Amino acid sequence: MKQFFLEFIGLAIVGIVLSYIVTLLISKDMVTWQTIVYPPLIISAVYCIAKALENGYGEDAVDD
């Protein structure tokens, strides 16, 4: 589980930074913080959950 959280936090931070940079370069309109923060959080959560399910993590998994 520790790897899951570390990977989620790392991917979310990288995603937020990249989203902010892309938004600055592309969009000339006013951008809210929700458009910068929510998509990377959702994408990193879906990726980490899919990876955990693929590796066999579940409710019966034993933490190391």
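Residues numbered from 1 in each chain as written. Predicted model: local features only at pLDDT ≥ 70, side-chain atom pairs only at ≥ 80, totals over all residues. Heavy atoms only, no water.

A. Examining the pattern of salt bridges more closely. The final tally for this structure, using the stated rule, is one salt bridge. Across the pair Lys 51 and Glu 7 runs a salt bridge, and its minimum N-O distance is 3.2 Å. On the criterion of sequence distance, the pair formed by Lys 51 in helix H2 (residues 33–54) and Glu 7 in helix H1 (residues 2–26) is long-range, its members being 44 residues apart. (Salt bridge = Lys/Arg side-chain N within 4 Å of Asp/Glu carboxyl O. Helix = DSSP H or I, 4+ residues; strand = E, 2+ residues; numbered from the N terminus.)

B. Spotlight on the packing of H1 against H2. Between H1 and H2, the least distance of the axes is 8 Å, while the angle of their chain directions is 145°. Regarding H1 and H2, the two cross each other, and that crossing is right-handed. Of H2, the residues touching H1 (which contributes Gln 3, Phe 4, Glu 7, Phe 8, Leu 11, Ala 12, Gly 15, Ile 16, Ser 19, Tyr 20 and Thr 23) are Thr 35, Ile 36, Val 37, Pro 40, Leu 41, Ser 44, Ala 45, Tyr 47, Cys 48, Ile 49, Lys 51 and Ala 52. Of the residues that constitute the contact of H1 with H2, the class distribution is 15 nonpolar, six polar and two charged. (Axes fitted to C-alpha atoms, helices over the stretch in contact; angles between N-to-C directions. Left-handed = near helix turned anticlockwise from the far one by under 90°. Contact = heavy atoms within 4.5 Å. Nonpolar A, V, L, I, M, F, W, Y, C, P; charged D, E, K, R; others polar.)

C. Representation of a nonpolar patch on the surface. There is a patch of nonpolar side chains on the surface, built from Phe 5, Ile 9, Ile 13, Val 14, Val 17, Leu 18, Tyr 20, Ile 21, Val 22, Leu 24, Leu 25 and Ile 26 and spanning about 1200 Å² of accessible area. Positionally, Val 22 belongs in helix H1. Residue Val 22 is classed as partly exposed on the basis of its relative accessible area, which comes to 43%. (Patch = residues over 30% accessible without salt bridge, like charges linked within 9 Å, V, L, I, M, F, W, Y side chains within 5 Å. Areas by Shrake-Rupley, 256 points an atom, 1.4 Å probe, with all protein chains shown as cover. Buried < 20%, exposed > 50% of the residue type's maximum accessible area, 1.4 Å probe, protein only.)

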